[in-house]
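Descriptive structure summary
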Amino acid sequence: MKDVLVTCPPMLGQIDRFMDHAADRGLRLHPAKVTQTLTVEELVAQLPNFDGWIIGDDPANRRVFEAGRAGRLRAAVKWGIGVDNVDFEACRDLGIPITNTPHMFGAEVADVATAFTIGLARQLFLIDRGVRDGNWPKPAGISLTGRRAAVVGLGDIGRNTVTRLQALGLMVTAYDPGVDGDAGILGLARAPWPDALEDQDFIVFTCALNRHNYHMLNAEVLDRCKEGVRIVNVARGPLIDETALIAGLQSGRVHSAALDVFEIEPLPAESPLREMERVILGTHNGSNTIDGVIRASHAAIDHLAEFMF
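A few points on the structure.

Cut-offs applied
Residues numbered from 1 in each chain as written. Predicted model: local features only at pLDDT ≥ 70, side-chain atom pairs only at ≥ 80, totals over all residues. Heavy atoms only, no water. Helix = DSSP H or I, 4+ residues; strand = E, 2+ residues; numbered from the N terminus. Buried < 20%, exposed > 50% of the residue type's maximum accessible area, 1.4 Å probe, protein only. Contact = heavy atoms within 4.5 Å. Pairing = 2+ DSSP bridges. Right-handed = clockwise from strand over helix to strand, strands pointing away. Axes fitted to C-alpha atoms, helices over the stretch in contact; angles between N-to-C directions. Phe/Tyr/Trp six-rings, centres within 6.5 Å; stacked < 30°, edge-to-face > 60°. Parallel < 35°, antiparallel > 145°, perpendicular 65-115°, else oblique. Left-handed = near helix turned anticlockwise from the far one by under 90°. Nonpolar A, V, L, I, M, F, W, Y, C, P; charged D, E, K, R; others polar. Arc of directions from axis to C-beta. Polar contact = N/O pair within 3.5 Å; in protein donor to acceptor, adjacent residues only side chain to side chain.

What about the overall build of the protein?
Broken down by element type, the protein carries 11 helices and 12 strands. For the protein, the spread of C-alpha atoms along the three principal axes comes to 60 × 50 × 35 Å. When burial is assessed residue by residue, the protein has 51% of its 309 residues classed as buried. Considering only contacts within the protein whose residues lie at least 6 apart along the sequence, 63% involve residues at least 24 apart.

Some remarks on the environment of Ser143
In this fold, Ser143 is placed in the loop between helix 7 (124-132) and strand 6 (148-152). Taking C-alpha positions, Ser143 is 9.8 Å from Leu168, a pair spaced 25 residues apart along the chain.

Regarding the side chain of Gln36
Secondary-structure assignment places Gln36 in the loop between strand 2 (27-31) and helix 3 (40-46). Those residues in contact with Gln36, other than ones at most four positions away along the chain, are Thr7, Pro9, Asp57, Glu265, Pro266, Thr283 and His284.

Digging into the pairing of strand 4 (residues 75-78)
Regular strands place side chains that alternate from one sheet face to the opposite one. Covered by surrounding structure in strand 4 are Ala75 and Val77 together with Ala76 and Lys78, the residues of both alternating faces. As defined by bridge partners, strand 3 (residues 52-55) adjoins strand 4 across four bridges and the pair is classed as parallel. Bridge pairing links Ile54 to Val77 in strand 4. You can see the chain leave strand 3, run along helix 4 (residues 62-70) and come back into strand 4, and the turn it takes is right-handed. Inspection of the sheet shows strand 4 paired to strand 5 (residues 98-100) by three bridges, in the parallel sense. Each bridged residue has a counterpart across the sheet, and for Ala76 the counterpart in strand 5 is Ile98. One crossover worth recording links strand 4 to the parallel strand 5 by way of helix 5 (residues 88-94), and it is right-handed.

What about the sheet that holds strand 1 (residues 2-6)?
With parallel pairing, the five strands of this open sheet are ordered in space as 2-1-3-4-5. Strand pairing shows two members of the sheet lacking a second neighbour, strand 2 and strand 5, which therefore form its edges. The average undirected angle you get between the axes of adjacent strands in this sheet is 20 degrees. By the bridge criterion, five bridges tie strand 1 to strand 2 in an arrangement that is parallel.

Describing the packing of aromatic side chains
With the rule as written, the count across this model stands at four aromatic pairs. Among the aromatic side chains, those forming a connected cluster through ring pairs are Tyr175, Trp193 and Phe205.

Side note on the packing of helix 6 (residues 106-122) against helix 8 (residues 156-167)
It is the contact of helix 6 with helix 8, at a shortest axis distance of 8 Å, that shows an interaxial angle of 45 degrees. It follows from the interaxial angle that helix 6 and helix 8 lie oblique. Considering how the two elements wind past one another, helix 6 and helix 8 form a crossing that is right-handed. From helix 6, Gly106, Ala107, Val109, Ala110, Asp111, Ala113, Thr114 and Thr117 reach across to helix 8, where they touch Asp156, Ile157, Asn160, Thr161, Arg164 and Leu165. Classifying every residue of the contact of helix 6 with helix 8 gives six nonpolar, five polar and three charged.

Some thoughts on the pairing of strand 7 (residues 171-175)
Extensive coverage of strand 7 is indicated by the burial of four of its five residues. Judged from the five bridges that link them, strand 6 and strand 7 form a sheet pairing that is parallel. By the bridge assignment for strand 7, Val151 is matched with Ala174. With helix 8 bridging strand 6 and its parallel neighbour strand 7, the resulting β-α-β unit is right-handed.

Some points on helix 4
Every α-helix carries 3.6 residues per turn, so stepping three or four residues along brings you back to the same face. Listed in full, the buried residues belonging to helix 4 are Val64, Phe65, Ala67 and Gly68. The arc enclosing the buried residues of helix 4, seen along the axis, measures out at 160 degrees, which places them on a common side. Buried residues along helix 4 sit against helix 3, strand 3, strand 4, helix 5 and strand 5. One side-chain oxygen at the N-terminal end of helix 4 lies 3.2 Å from the backbone nitrogen of Arg63; it belongs to Asn61.

Below, the structure is given as C-alpha cells:
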C-alpha cells in the first residue's frame, strides 16, 4: 500500500468518500490539516514521508519537490485545473511523473460566474445584508438583456460561462490569444486584450494564470473601462491588481466586484475588500460541488495509481 498526502481542501471536505476507491488501487490517503494551503516549510517537513501527493493550491515548487524526492515521493497529481502553483519543470528534472485533472469543473465554475454576474446586476447581496440588519432595502439593479460582458479565457470554464451569459441575453466578447475564432459559439465576438473594454458592462475572468497575464487588470486598464463596470473573478487572484481594484471601487470607476479568488488566500484580515459594501467575497470554492469533487478526486487517485503501479 502506497501512502498519499492529500492537501486539496475540496477533496479533504469529502475525504471519507475516497478512502475505499484509493484502497482498491493500492493507495492509502492521508488528509493534511490545512485551511487553504500548506507553507513551503510545512511541505518540506511532511512530503518526504509519502509516496504520492494530491496537490491543491499549495506552493509546489522545486524546493518542495526536491525534499519529497529525497524521501519517498515518487508521483504527484495536481487536483483540478489550474497549475500555476506547480513547477512541472522541476518534476521532469527529478523524474517525478505528474499531471492534473482537466475538464472537470467547467460547468460548475461557470455556474458561479453566472450567479455572481446576476448578483452584481441586481445587487442581491445588498438586499440580503440589509434584511439581515433589520432593514428592507430595494436597490435598483440593471437588466441583463442587451448588456455587454467580456469573458477573459475560452477554456472549459470560459466557454461554459459564455453560453450561460448569452442565454441571459448578454452580448459577449471573449479574450483569449490561444483560441482562434468563435470557438464554435454562435454570436461570440472576439477582441485582443484590452480592446473594447470601454463598451463592457461586466468583465468576467475565467482564464489560467501565467507569466504573461499577471495583473492584466491594473490601474491603466481600469482607466479604459466603462464607468461603473462590474468585475467577476472565478479564475486566479493575481490576474487582478487588488490595489488598483480597490481604488476603482472607491472612486466609482468600478461599480462592484464578485471575487472567488484573491492575490493572497485566505484574504488577509486587514484587506479593505472586507469592508467594501459592493463586493461579494468567495473562498476559492467555485469548483466545490459534491459531484465535481467526486469526479476530480477519482481521476486524481486513478492517475496516481497508474504512475505507481
